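Here's the letter readout for the chains.
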Amino acid sequence: MILSRVKLVDLMNSNNTKTKSTQPATTRQGNGKYAGKAASTRQRERRAKLLSAGIKLIGSEGFAATSIDAVCSEAGLTKRYFYESFTNSEELLIESYRAATKELMNSILMAAAPYRDDSRKLVRVGLQQTFTFVQENPDKAQLIMIEAMSVRSQLGHVYGKSYNEFVDLLVAFTKPFLPDEGPGDTVLAVMARGAVGAIIHLCQGWIATDFKQPADELVAGTEYIFGGMGRELGISAWVNAPQ
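Here the residue numbering is sequential within each chain, running from 1 through the sequence in written order. The model is predicted, so local features are restricted to residues of pLDDT at least 70 and side-chain atom pairs to those at 80 or more, both for listing and for counting; the totals for chains, interfaces and linings are taken over all residues. Only hydrogens and water are set aside; all other atoms, that is, all heavy atoms of the structure, feed into the side-chain values.

This part is about the overall build of the protein chain. Across its full length, the protein chain holds 12 helices and 0 strands. Counting from the N terminus, the helices are the DSSP runs of H or I reaching at least four residues and the strands are the DSSP runs of E reaching at least two. Moving toward the C terminus, one meets the helices and strands of the protein chain in the order α-α-α-α-α-α-α-α-α-α-α-α. Evaluated residue by residue, the protein chain yields a buried proportion of 37% over its 243 residues. When contacts within the protein chain are restricted to residue pairs at least 6 apart in sequence, long-range pairs at least 24 apart make up 67% of them. Of the roughly 14400 Å² that the protein chain leaves accessible, carbon and sulfur atoms contribute 54%. Using a 1.4 Å probe on the protein chains alone, a residue whose accessible area is under 20% of its type maximum counts as buried, one over 50% counts as exposed, and one in between counts as partly exposed. Pairs of residues are marked as contacts when any of their non-hydrogen atoms sit within 4.5 Å. Reported accessibility uses the Shrake-Rupley method at a 1.4 Å probe radius. Residues are deemed covered only where the shown protein chains occlude them.

Now the structure itself:
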């Protein structure tokens, strides 16, 4: 009886050992993966977390008040991983600004895509999407529209490049509707710069007043600005529109 119990215990221990040794690894693997993810994938995920934290803090608190420690804390990562992705806080600022402006640009392109043949709807939808993005993403909007103005020296050419991309977008949207060749690219670019500046100014005031004015009113008012330019350019949808 004693021998049988000993054998039973030995058998159980043996089975436990086999079970442990045959369980699949769930952590680090020999091919450089951890928890089933490649090192490059984990690094991209960490960078995305830091970038998201940077946009949130710079947009809400301002660049001067945003420390690397605060960004790491918000992202749930250590400073070691910050310097894995960014050289310093200025690089984080630049990449945060790029990411936010790219997201705004893409949202406008997607919203406007179905209306590229209708100038009035194109303007309306583009404006609606711009103001919607600003209201739904206040941290990103503040970074793009307000904070960027105070840190232009740190942003360097990136600010001008981004501004010009929005100008180029307006020109590209406008040219297909022009009678003949229009006034030329130089004049169109000047008009587009004025339109972009007006939208930025309106958004700055809207953010500062905590979005008190209804977005529909901002869209309607800004449409008149575009309508005036449309009539001056001889775009039929605006020229023939009832006054």
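Before going further, it helps to examine the packing of aromatic side chains. Stacked, edge-to-face and tilted are the three classes for Phe, Tyr and Trp ring pairs, Trp counted by its six-membered ring, which pair at centre distances within 6.5 Å; planes under 30 degrees apart are stacked, over 60 edge-to-face, the rest tilted. Under the definition given, this model contains 6 aromatic pairs. Pairing F82 with Y83 gives two aromatic rings, centres 5.3 Å apart and planes at 80°, and the pair type is edge-to-face. The exposure class of F82 is buried, given its relative accessible area of 0%. With 4.9 Å between their ring centres and 85° between their planes, W206 and F211 make a pair best called edge-to-face. Note on accessibility: W206 and F211 belong to one class, buried. Three or more aromatic residues joined by ring pairs form one cluster here, namely F82, Y83 and F86. Each ring is checked for a lysine NZ or an arginine CZ that lies within 6 Å of its centre and within 35 degrees of its normal; such an atom marks a charge sitting over the ring. The ring of W238 has R120 sitting right over it, with the charged end atom 4.4 Å from the ring centre.

Take the buried residues of types Ala, Val, Leu, Ile, Met, Phe, Trp, Tyr and Cys, join any two whose side-chain atoms come within 4.5 Å, and each joined set is a nonpolar core. Among the nonpolar cores identified, the biggest contains 52 residues, and V134, M145, L155 and F226 are the most heavily contacted of them. Where this core is concerned, the elements lending two or more residues are α2 (39-61), α5 (89-112), α6 (119-136), α7 (138-150), α9 (157-174), α10 (185-208) and α11 (215-232). Once residues lying within four places of it in the same chain are set aside, the contact partners of V134 are A141, M145, C203, W206, I207 and F211. Listed in part, the 12 residues of the second largest apolar core include L50, V71, C72 and L92.

On to the pattern of salt bridges, then. Salt bridge criterion: a side-chain nitrogen from Lys or Arg within 4 Å of a carboxyl oxygen from Asp or Glu. Counted by the stated rule, this structure contains 9 salt bridges. Its salt-bridge partner being R47, residue E95 comes within 3.6 Å of it at the nearest N-O pair. Pair noted here: E95 is in helix α5 and R47 is in helix α2, with a separation of 48 residues, a long-range link. Residue class for R47 comes out partly exposed when judged on its relative accessible area of 29%. When the shortest N-O distance is used, the salt bridge between K140 and E103 registers 2.7 Å. Residue K140 is located in helix α7, and its partner E103 is located in helix α5; the two are separated by 37 residues in the primary sequence. A relative accessible area of 33% places E103 in the partly exposed class. Through salt bridges with shared partners, one network takes in R47, E95 and R98.

Structurally, A241 is set in the segment after α12 (236-239). Sequence spacing of A241 and R120 is 121 residues, and the spatial spacing of their C-alpha atoms is 9.8 Å. In contact with A241, not counting residues within four places along its chain, are R120 and S236.

Because each turn of an α-helix spans 3.6 residues, side chains separated by three or four positions in sequence point in the same direction. Spanning 18 residues, α11 covers 26 Å between terminal C-alpha atoms, matching the ideal 26 Å at 1.5 Å per step. The inward-facing, buried residues of α11 contact α6, α9, α10 and α12. In the segment just after α11, G234 is the residue with positive phi, at about 80°. Helix span, as expected, comes to 1.5 Å for every residue beyond the first.

Packing of α10 against α11 brings their axes to within 11 Å, and their N-to-C directions diverge by 165°. With respect to α11, the axis of α10 lies roughly antiparallel. The handedness of the crossing between α10 and α11 comes out as right-handed. In contact with M191, A195, A198, I199, L202 and W206 of α10, α11 contributes A215, L218, T222, I225, F226 and M229. The axes are straight lines fitted to the C-alpha atoms, using for helices just the contacting stretch, and the angles between their N-to-C directions are given from 0 to 180°. An angle below 35 degrees is treated as roughly parallel, one above 145 as roughly antiparallel, one from 65 to 115 as roughly perpendicular, and anything else as oblique. Handedness of a crossing is defined here by the sense of rotation of the near helix relative to the far one, left-handed for an anticlockwise turn of less than a right angle and right-handed for a clockwise turn.

By themselves, these observations are geometric and do not establish any function.
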